[in-house]
Amino acid sequence: MTDEIFSMKRSRSQLATIYAPGAFFTFEGGMGACIAQPAARIEAKLSEMLKNQVLDSINERVRNWEIQGLNCRRPAGQPPVEPELVLDAQLRNEDGTPRLRGDRLAFLVPDVMNYVPEPLTFVCRRCGLMKDFGGVEEFETKSGTLEEGCPNRMQNEPCRANWEQLDVVQVHWSGGYHRVSTLYNRWDRDRQDIVWNRVQCHCGNAHFLLDRSSPVFGKWRLICSACKSATKLPVLKDPTSLRVLGDGLNQGSNQQVEVNMEPVSYRANNAYYVQGDRVLALANEDYFPLLLQSRTDELKGFIAKAFSYPVVAISEADIENTLREKSRAPEWLAYKNHAEIIAMMRGMKREDLAEASVKARQDQLDRWRTEGLIPDLYQRTPALDYAVDIRAGQWDRKFDPIRQAVEHKTLEIDVLNDADKVINVREPKNPILPDMGAEEVEMTKTRVSRVLSMLGIEDMRLVRKFPVCEFTFGYSRVESGPRVTRDKTGEMWEMPVKLNLFPRAYFHEEHVQPIYVMKQDNEAFYVRLDENCVRAWLDANGIAYDLPAPTSRLGAAIIDSYHTTRPEGGGFSSWLDEYRGNATPESRNLCSYVYTLLHTMAHQMMHSVAQVSGLELGSLTEHIFLPDLAFVVYRRGTTMDLGYLSSAWRMATNSTDGNLVLSSMLDPTSLRCGSGALCDERGGACPDCILIPEVCCITRNNLLSRSVLRGMAKPHWDLAIPRDQTIEGFFEVVRRMRRMAEQRDAAA
């Protein structure tokens, strides 16, 4: 048995997450507790660009984790955080820059995972006798000693053992774990090492029964199987932390709370948190290379053009030379004549005729630009230069609006501009159109277009295959983020949670660092909001923004101002602490409000899709394109996509409502919450309304508020306005705009 490798098969998504290396699990029926170990059989086929995206994402997570972990709030006189307790040793480098080194990495398909039985602590169901073993090999060697210390045998009665595996394990935020046992440990200052011993009764007996009668682990007791005297179950100290902090504990500069392990059920969430992320697996490589440090000038030019930054005026001499080179001199002469007419008419005080010539001159200029005769040269503003220069070092890639602009442009080229890959819901066809007559189809189109207009949606399409790559690379315990807080000494202690890489796996005759990747091409809904509606909503709520030019898109203002979303700069933080418990008046800004609008509408759509289709919320997720005012809702999973979203849309389509997914989003009842006023007063986001499982949400359910859609109490993080002040909802602003447009049309 000791030489045997145990392996299991599950879905790829399960193996890469809940059965990833280091995770505790039981088999069906709750029998046989085990811990997963890495396995490597199939290499994932990824392009170099996609591999680099995955590594960039991991290294950014590593850098942010280190910053957060090293800057834990410490009580006065407390020594600083030790780096060994923040990052896995393989992530710490001599040059001081934490990163995952590229050597011996393996991008693997999670088709199988190994495991071993663990923890090997057993308790007799009949008498309570407890036995523990350090591993499978020790269990095989000493399995014959299980009955030693049995109270029945001590009374010369037969042992009627009925063993069960104890479902509790001791864990620590360093990533370590240990079985519950009679072992205890301490730091020996003289030896500079950890000393391990076992509890022994005063009567000399070393065998104990485990009293689990209390529901509180701290009140569990060891009962001597010989004399029945009781003693406390020992609290283990985490070996990794003890080696780092042992001398500090002896000197009194560190506290026991930093090293003590905590008991949890191995079924509990906090026993294991897998660490990973997702990136778009787009094929086009025209724009992603612009994000490299060596191509910042080209990136600035792309952003300036994409979001209509100010156009640099071209001299008339350059216009003349260009037109003469293209053999279009007569057009230049006509253009020049307009200038003479303008001067003459203004001299005659005929401003009306002068303006007509100004318009004709500008129209001619616009035609030349449309034809490409006169290229637009966009001015790179100082704000844009600054944003591009600092983004790589300061902005979290998940929220980076410049990266999102590049992703959106690549999505347009790869997917949105290909009629075979998308279906415009305003012009439905198979497979999103049910069997209907021609008249019903036209009625359906009209109603769908009207509802989209009332939702403030400019463009919505079904994407047949939305390319995403999800990956996992490591884990943490106790907390999913880089800090854990405990109150055990009369004050709050904040300690670093260690980011651990998966153990190495044996692959192609060498030990490699595994990264488990899952590529998926599932159906999705792409949605882009009407910019005029978004601007009107911002104006209605007094959210200020500055455009580089009157013709610039709102995304330009978002990119220019993104670094100011926090007083210290840097854009949104990785864990959005500034929108959790550390909000400031500066939290109210253009980027936070627009992101909250897009994010909340994405969640609202997911809830509507789930309600109509029967899909679980946990099977849906989103991607945000902040500067383009767009988002994507897609099915999350690596199993074959059988057209779940298109089927749901088709079933929800009818000539009366247009589409129930859309109409339900606009239904006032869908914007209410089961928690009532309590949720409303706290900003309008809770599990009863628009939250989804945290592992599916790109922000872990932050920057969400029904208030931005329906209008009510301000988001909880908006401290710049009075607590009782309400905000205007996006839907109400859009409804008002459409009503005014209808009145103007009727008057005309």
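Here goes a summary of the coordinates provided. (Residues numbered from 1 in each chain as written. Predicted model: local features only at pLDDT ≥ 70, side-chain atom pairs only at ≥ 80, totals over all residues. Heavy atoms only, no water.)

1. Here's the deal with the state of the cysteines
Right, so step 1: One pass over the full model with this rule turns up zero disulfides.
Right, so step 2: Not part of a disulfide, C469 finds its nearest cysteine sulfur in C696, a span of 17 Å.
Right, so step 3: The exposure class assigned to C469 is buried, which follows from its relative accessible area of 0%.
Right, so step 4: In this structure C679 is not part of a disulfide, and its nearest cysteine sulfur, from C673, lies 3.6 Å away. (Disulfide = S-S within 2.5 Å. Buried < 20%, exposed > 50% of the residue type's maximum accessible area, 1.4 Å probe, protein only.)

2. Structural notes on the packing of aromatic side chains
Right, so step 1: Applying the stated criterion across every chain, the model contains 29 aromatic pairs.
Right, so step 2: With centroids separated by 6.2 Å and ring planes inclined at 90°, the aromatic side chains of W537 and F730 adopt a geometry described as edge-to-face. Of this pair, W537 sits in helix α13 (residues 531-540) while F730 sits in helix α20 (residues 730-747), placing them 193 residues apart in sequence. In this structure, W537 and F730 share a single accessibility class: buried. (Phe/Tyr/Trp six-rings, centres within 6.5 Å; stacked < 30°, edge-to-face > 60°. Helix = DSSP H or I, 4+ residues; strand = E, 2+ residues; numbered from the N terminus.)

3. With respect to helix α5 (residues 239-251)
Residues lying three or four places apart along an α-helix face the same way, a consequence of the helix completing one turn every 3.6 residues.
Right, so step 1: Here α5 spans 18 Å end to end across 13 residues, near enough to the 18 Å set by a 1.5 Å rise per residue.
Right, so step 2: Along α5, the sharpest kink reaches roughly 65°, centred on L245.
Right, so step 3: Regarding α5, the residues found buried are S241, L242, L245, G246, G248 and L249.
Right, so step 4: For α5, the secondary structure elements touched by its buried residues are β12 (183-188) and β13 (193-198). (Expected span 1.5 Å × (residues − 1). Bend = angle between axes of the 7 residues up to and from the residue. Contact = heavy atoms within 4.5 Å.)

4. What to know about the sheet that holds strand β15 (residues 221-224)
Right, so step 1: What the three strands build is an open sheet, ordered β14-β15-β16; its pairing is antiparallel. A single partner strand is all that each edge strand has here, and the edge strands are β14 (208-211) and β16 (230-232). The mean angle between the axes of side-by-side strands here comes to 35°, regardless of whether they run parallel or antiparallel. (Pairing = 2+ DSSP bridges. Axes fitted to C-alpha atoms, helices over the stretch in contact; angles between N-to-C directions.)

None of this, on its own, says anything about what the molecule does.
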